[in-house]
Amino acid sequence: MKLQRKNRLRASALGALVVSGALVLTACGSDDNTKTGADGTPKASAPAPGDIKCDGAKGKLLASGSSAQKNAVDLWVKNYMAACSGVEVNYKSSSSGEGIVAFNQGTVGFAGSDSALKPEQVEDSKKVCTGGQGINLPMVGGPIALGFNVAGVDKLNLDAATIANIFNDKIKKWDDDAIKKLNPGVNLPPTAIQAFHRSEDSGTTENLGKYLKAAAPDAWSYDASKKWPAPGGQAASGSAGVASQVKAVDGAIGYFELSYATSQNIKTVDVNTGASAPVKATPENASKAISAAKITGTGSDLALKLDYATKAEGAYPIVLVTYEVVCDKGNKPETLGTVKSFLEYTASDAGQKALTENGYAPIPTEINSKVREVIKSLA
């Protein structure tokens, strides 16, 4: 009897130890589903060992440009530097225009731009790309969200013509008949519209302009430009600046990448494209639009043409693709290895998966496979 009692006590103790260990393992391995870490950097699943190749990477790599891809690049840099000790990647989020200027001045290893290089910019790049030229590598896709802040309004539908007339200062109040018609049953207040746009040259501005010009040519007479072309409205610096103003001002509307809306809990417009239902700004819906893009670049250049006037079901039309601008040949020897290593990661399955988890849209597989080939050929 004593032996049986002793065995039962031993079994109970072992069982308690197993349960305790399981609880410890559960606590250590529990999922944290927040979108940002303690440092404010967007989070995604950590890359598996081997996803990031550090071969040839060394020293410090400077890059700059598009603020549209800032949240994606912040995450990529964090993951990359954790895997490649002794390597530093520093991306300055400014604007597409500033990034291209820096690239053509030879002060950065690559630039981020929300629009492809223009012919004169390609010509300028030949001065720093010895024996080569600047090329466009599509790396980040995503919706340009129209964020709004109107007290009492949680859902808003707009079409291209109405968006154009809001941003060209022709529609001035939220209870305008054109907006009411698109939002039956919604109690729209007579609040003055406060439309915010980018203060500096911006590829996001240019892509919004391309959409308005293609989808509402009668209402939007301006050619697409990095510089804001229309009268009225208020300016703010960077996507972060526009988002902050929309968040703070009642009656505000502005444009920025979806990740900025998500991180600040800003409501976004559903766009009436002529499809059976208005389309939400989501990575999945942006991917549907980007998947129809055509490569218009030649050789190693992979510039794309997007269909901004799409009426395809579930395709969100206000999209952008951010390019990483690099030299096809003539890259600086001291940074070439790091440029190739870093971009190979961003174009990898792990790098592209991180986009979806943080409000961006991955580049379609058939295009991304060409991007990977070009990165390997950089010299």
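- The protein is annotated in an unreviewed UniProt entry as Phosphate-binding protein from Streptomyces katrae.

### Topic: the overall build of the protein
Move 1: A count of helical and extended segments in the protein gives 13 helices and 13 strands.
Move 2: Residues classed as buried in the protein amount to 50% of the 379 residues present.
Move 3: Residue pairs at least 24 apart in sequence account for 74% of intrachain contacts in the protein once pairs closer than 6 positions are excluded.
Move 4: Here the protein displays about 17200 Å² of accessible surface, and carbon together with sulfur accounts for 53% of that area.

### A word on the state of the cysteines
Move 1: Evaluated as defined, the whole model comprises two disulfides.
Move 2: Sulfur-sulfur distance for the disulfide between Cys54 and Cys84 comes to 2.0 Å. Torsion about the S-S bond of the Cys54 and Cys84 cystine: about -85°, corresponding to left-handed handedness. One end of the pair, Cys54, is in the loop between α1 (2-29) and β1 (60-65); the other, Cys84, is in the loop between α2 (70-83) and β2 (88-93), and 30 residues separate them in sequence.
Move 3: Here Cys129 engages in a disulfide with Cys327; their sulfurs sit 2.0 Å apart. Judged by the sign of its S-S torsion, about -70°, the bond between Cys129 and Cys327 is left-handed. Of the two residues, Cys129 sits in the loop between α4 (119-125) and β4 (134-149) while Cys327 sits in strand β13 (residues 319-327), which places them 198 residues apart along the sequence.
Move 4: The class for Cys129 is buried, based on a relative accessible area of 0%.

### Brief notes about the environment of Asp175
Move 1: Relative to the assigned elements, Asp175 resides in the loop between α5 (160-167) and α6 (177-182).
Move 2: Of the residues examined, Asp175 reaches a relative accessible area of 23% and is grouped as partly exposed.
Move 3: For the pair Asp175 and Pro189, spaced 14 residues apart in the sequence, the C-alpha separation amounts to 5.5 Å.
Move 4: Dropping the residues within four chain positions of it, Asp175 is found in contact with Lys180, Leu188, Pro189 and Pro190.

### A short note on the pattern of salt bridges
Move 1: Applying the stated criterion across every chain, the model contains eleven salt bridges.
Move 2: Measuring nitrogen to oxygen at the nearest pair gives 3.1 Å for the salt bridge that ties Asp270 to Lys280. One end of the pair, Asp270, is in strand β10 (residues 270-272); the other, Lys280, is in the loop between β10 and α10 (283-290), and ten residues separate them in sequence.
Move 3: The class of Lys280 is partly exposed, set by a relative accessible area of 45%.
Move 4: Bridged by salt links that share partners, the residues Lys118, Glu206 and Lys226 form one connected network.

### Description of the packing of α5 against helix α7 (residues 203-215)
The description of two packed helices rests on the angle between their axes and on the distance between the axes.
Move 1: Axis separation between α5 and α7 bottoms out at 9 Å; the angle between their running directions is 125°. By the angle between their directions, the pair α5 and α7 is classed as oblique. Of the two elements, α5 crosses α7, and the hand of that crossing is left-handed. Contacts between α5 and α7 involve Ala160, Ile163 and Ala164 on the former and, on the latter, Tyr211, Leu212 and Ala215.
Move 2: When its residues are assigned to classes, the contact of α5 with α7 shows six nonpolar, no polar and no charged.

### A look at the environment of Met139
Move 1: Inspection of the secondary structure puts Met139 in strand β4.
Move 2: Met139 gets classed as buried once you look at its relative accessible area, which sits at 0%.
Move 3: Here the alpha-carbon distance between Met139 and Thr346, two residues 207 residues apart in the chain, equals 7.3 Å.

### So, α5
Move 1: Burial of α5 is extensive: seven of the eight residues sit out of reach of the surface.
Move 2: Residues of α5 that are buried: Ala160, Thr162, Ile163, Ala164, Asn165, Ile166 and Phe167.
Move 3: Asp169 sits one or two positions beyond α5 and adopts a positive phi of about 75°.

Calculation notes
Residues numbered from 1 in each chain as written. Predicted model: local features only at pLDDT ≥ 70, side-chain atom pairs only at ≥ 80, totals over all residues. Heavy atoms only, no water. Helix = DSSP H or I, 4+ residues; strand = E, 2+ residues; numbered from the N terminus. Buried < 20%, exposed > 50% of the residue type's maximum accessible area, 1.4 Å probe, protein only. Contact = heavy atoms within 4.5 Å. Areas by Shrake-Rupley, 256 points an atom, 1.4 Å probe, with all protein chains shown as cover. Disulfide = S-S within 2.5 Å. Salt bridge = Lys/Arg side-chain N within 4 Å of Asp/Glu carboxyl O. Axes fitted to C-alpha atoms, helices over the stretch in contact; angles between N-to-C directions. Parallel < 35°, antiparallel > 145°, perpendicular 65-115°, else oblique. Left-handed = near helix turned anticlockwise from the far one by under 90°. Nonpolar A, V, L, I, M, F, W, Y, C, P; charged D, E, K, R; others polar.

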